[in-house]
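Summary of structural features
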Amino acid sequence: AEDQLRQAQKMEAVGQLTGGIAHDFNNLLGGILGSLELLQLRIAQGRTEQAERYCKMAIGSGQRAAALIHRLLAFARRQPLDPHPVDVARLLEDMADLLRRTLGPAHRLEIAAAADLWITRCDPNGLENTLLNLVINARDAMPGGGTLRLEAGNVAAGALGKADIDPGDYVWLSVSDSGIGMSREILERVLEPFFTTKAPGQGTGLGLPMVYGFAKQSQGHLRLASEPGHGTRVTLYLPRFIGEPEEQATSRIEAARHDG
Ligand code: ADP
């Protein structure tokens, strides 16, 4: 019975997946076909300037469709995670430039990591992708500018206040924005693959499902809190690394070197 349930859940997820893609892809295809029809018309009329415009629109929609499929494929064949000891404070430092470039000039970036931050154990590349996803969402939620705050600290499992949580220590890492926030209805759906409120081609609806998958695969947890009109806070809990003293904590760059 449990197998059947799991199978049913899997089918439901596949249904959501294909339905979502079909919808987005169809929108983009509609844009391409519409532009091409107008292009044909303008060529027949000899209006080359307008024809060029529709050419550009068709190419733009085509590129967005390609990007959608590209991300879909990346999602389908996600790399298995390769956990390492990770110093989150250093990873944040290493990523600060990239994150600042991801944000606009009207956004303020604040980073605050606890001085005695524990070492965590997770895939450093996965954590980078996760952070980037969250920062892009935060940026998109603050079209008129605002503050993005990255914070990290330690928490004992008992203090998480959840009975279903593995005992042990966690490092938490939160991404907070002062953006538009989410209604309860949206918040309840954001972990569904392909759920997005963004314009076609702008969002894939895969960001938060991937973030959630990363948290689960890392034996961690994810918490979302949001208030419409005020902002959103996403907190990732990653297990504390307790290992051999000679095993060094790595930032992404060193982890990549270890891998050869
Ligand atoms: P995408 O960003 O491609 O839409 P996500 O899964 O990352 O996909 O997010 C799903 C939806 O959740 C977004 O379309 C948006 O409505 C909402 N969302 C995510 N992050 C935030 C945020 N920081 N502030 C407000 N809404 C958000």
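Calculation criteria
Residues numbered from 1 in each chain as written. Predicted model: local features only at pLDDT ≥ 70, side-chain atom pairs only at ≥ 80, totals over all residues. Helix = DSSP H or I, 4+ residues; strand = E, 2+ residues; numbered from the N terminus. Buried ≥ 20, exposed ≤ 12 C-beta atoms within 10 Å, placed from the backbone. Contact = placed C-beta atoms within 7 Å. Near = placed C-beta within 6 Å. Axes fitted to C-alpha atoms, helices over the stretch in contact; angles between N-to-C directions. Left-handed = near helix turned anticlockwise from the far one by under 90°. Nonpolar A, V, L, I, M, F, W, Y, C, P; charged D, E, K, R; others polar. Pairing = 2+ DSSP bridges. pLDDT = per-residue confidence, 0-100. Bend = angle between axes of the 7 residues up to and from the residue.

Concerning the overall build of the chain
Of the regular secondary structure elements, the chain holds seven helices and seven strands. Across the 260 residues of the chain, 27% fall into the buried class. A separation of at least 24 residues holds for 75% of the contacts in the chain among residues at least 6 apart in sequence.

Points about the site of the ligand
Around the ligand, the surrounding shell holds 22 residues, and the nearest of these are Asn137, Ala141, Thr196, Gly203 and Gly207. Residue assignment for the shell around the ligand shows that the elements contributing at least two residues are helix 4 (124-140) and helix 6 (207-217). Ranked by residue count, the leading element in the shell around the ligand is helix 6, at three residues.

With respect to the packing of helix 4 against helix 6
At a closest axis distance of 9 Å, the pairing of helix 4 and helix 6 adopts a crossing angle of 145°. Handedness of the crossing formed by helix 4 with helix 6: left-handed. For the pair formed by helix 4 and helix 6, the contact residues are Gly126, Thr130, Asn133, Leu134, Ile136 and Asn137 on the first element and Gly207, Met210, Val211 and Phe214 on the second. Here the contact of helix 4 with helix 6 is built from residues that sort into five nonpolar, five polar and no charged.

Focus on the environment of leucine 148
For leucine 148, the location among the structural elements is in strand 4 (residues 146-156). Spatially, the C-alpha atom of leucine 148 lies 9.8 Å from that of glycine 231, the residues being 83 residues apart in sequence. Every residue in contact with leucine 148, bar those within four places of it in the chain, is listed here: Leu103, His107, Arg108, Leu109, Val135, Ala138 and Asp177.

Some words on helix 6
Listed as buried for helix 6 are Gly207, Leu208, Pro209, Val211, Phe214 and Ala215. Residues of helix 6 that are buried sit in contact with helix 4, strand 6 (221-227) and strand 7 (231-239).

Looking at unusual backbone geometry
One can expect most non-glycine residues to show negative phi and most peptide bonds to be in trans. Residue phenylalanine 194 is not a glycine yet carries a positive backbone phi of 75°. As for its position among the elements, phenylalanine 194 is in the loop between helix 5 (184-187) and helix 6. Non-glycine residue glutamine 219 carries a positive phi angle of around 60°. Residue placement: glutamine 219 occurs in the loop between helix 6 and strand 6.

Let's talk about the sheet that holds strand 7
Taken in spatial order, the five strands line up as 2-4-5-7-6 in an open sheet, and their pairing is mixed. Edge positions in the sheet fall to strand 2 (107-113) and strand 6, since each of these pairs with one other strand and no more. Averaged over all neighbouring strand pairs, the angle between strand axes comes to 15°, with direction disregarded. The sheet contact formed by strand 4 and strand 5 (residues 169-177) spans nine bridges and is antiparallel. Within strand 5, the residue paired with glutamate 151 across the bridge is serine 174. Across the face of the sheet, helix 3 (residues 88-102) comes into contact with strand 2, strand 4 and strand 5 while running at roughly 170° to strand 2. Contacts between helix 4 and the sheet are confined to strand 2, strand 4, strand 5 and strand 7, with strand 5 contributing the most and set at about 30° to the helix.

A closer look at the confidence of the model for the chain
Any segment with low pLDDT has predicted coordinates that should not be analysed in fine detail. Looking at the chain as a whole, its pLDDT mean stands at 84, while 80% of the residues score no less than 70. Every residue in residues 252-260 scores below 50 in pLDDT, and together they form ten contacts with partners more than four places removed in sequence or on other chains. In the predicted complex, the global pTM is 0.71; the interface-specific ipTM is 0.99.

Examining helix 3
Of all the bends found along helix 3, the most pronounced is centred on alanine 96 and spans about 50°. Val88, Ala89, Leu91, Leu92, Met95 and Leu99 are the residues of helix 3 that are buried.

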